[in-house]
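As a plain string of letters, each chain reads:
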Amino acid sequence: MIKRYILENPEQLAQITFSLITIGLFTFNMVYAFCMKKEKAQQIAMKAIELDD
């Protein structure tokens, strides 16, 4: 059943897969950002500002 669905709707399967990957990355980044210590975040921000100049 799954194999037949994949063969009939490859575009929809790609959309679902891409959406799941995007949601997973977003969730991971949010959790990582909330768990990160404040000083580490400030170090990263300062480095980004230096690289931007």
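Cut-off values and rules
Residues numbered from 1 in each chain as written. Predicted model: local features only at pLDDT ≥ 70, side-chain atom pairs only at ≥ 80, totals over all residues. Heavy atoms only, no water. Helix = DSSP H or I, 4+ residues; strand = E, 2+ residues; numbered from the N terminus. Rg over C-alpha atoms; globule rule 2.2 N^0.38 Å. Areas by Shrake-Rupley, 256 points an atom, 1.4 Å probe, with all protein chains shown as cover. Lys, Arg positive; Asp, Glu negative; His and termini not counted. Charge placed at Lys NZ, Arg CZ, Asp CG, Glu CD. Buried < 20%, exposed > 50% of the residue type's maximum accessible area, 1.4 Å probe, protein only. Contact = heavy atoms within 4.5 Å. Patch = residues over 30% accessible without salt bridge, like charges linked within 9 Å, V, L, I, M, F, W, Y side chains within 5 Å. Salt bridge = Lys/Arg side-chain N within 4 Å of Asp/Glu carboxyl O.

## A short note on the overall build of the protein
1) Next: From N to C terminus, the protein includes 3 helices and 0 strands.
2) Next: Reading the helices (α) and strands (β) of the protein from amino to carboxyl end gives α-α-α.
3) Next: What you see for the protein is a C-alpha radius of gyration of 19 Å, clearly larger than the 10 Å of a compact globule of 53 residues, by over 25%.
4) Next: With the principal axes as the frame, the protein shows a C-alpha extent of 50 × 25 × 10 Å.
5) Next: Total accessible area on the protein is roughly 5,400 Å²; 67% of this is exposed by carbon and sulfur atoms.
6) Next: Looking at the protein, you have 6 positive and 6 negative side-chain charges, and the mean spots of the two groups are 12 Å apart.

## Regarding the environment of Y5
1) Next: With respect to the helices and strands, Y5 occurs in helix α1 (residues 2–8).
2) Next: Looking at Y5, the relative accessible area reads 32%, which means it is partly exposed.
3) Next: When the C-alpha atoms of Y5 and M30 are compared, they prove to be 33 Å apart, with 25 residues separating the residues in sequence.
4) Next: Excluding anything up to four places from it in sequence, Y5 contacts Q12 and I16.

## Comments concerning a nonpolar patch on the surface
1) Next: On the surface, I2, Y5, I6, I16 and L20 cluster together into a nonpolar patch covering about 480 Å² of accessible area.
2) Next: Breaking the nonpolar patch down by element, the ones donating at least two residues are α1 and α2 (10–35).
3) Next: Of the residues forming the nonpolar patch, the biggest block, 3 residues, is contributed by α1.
4) Next: By secondary structure assignment, the location of L20 is in helix α2.

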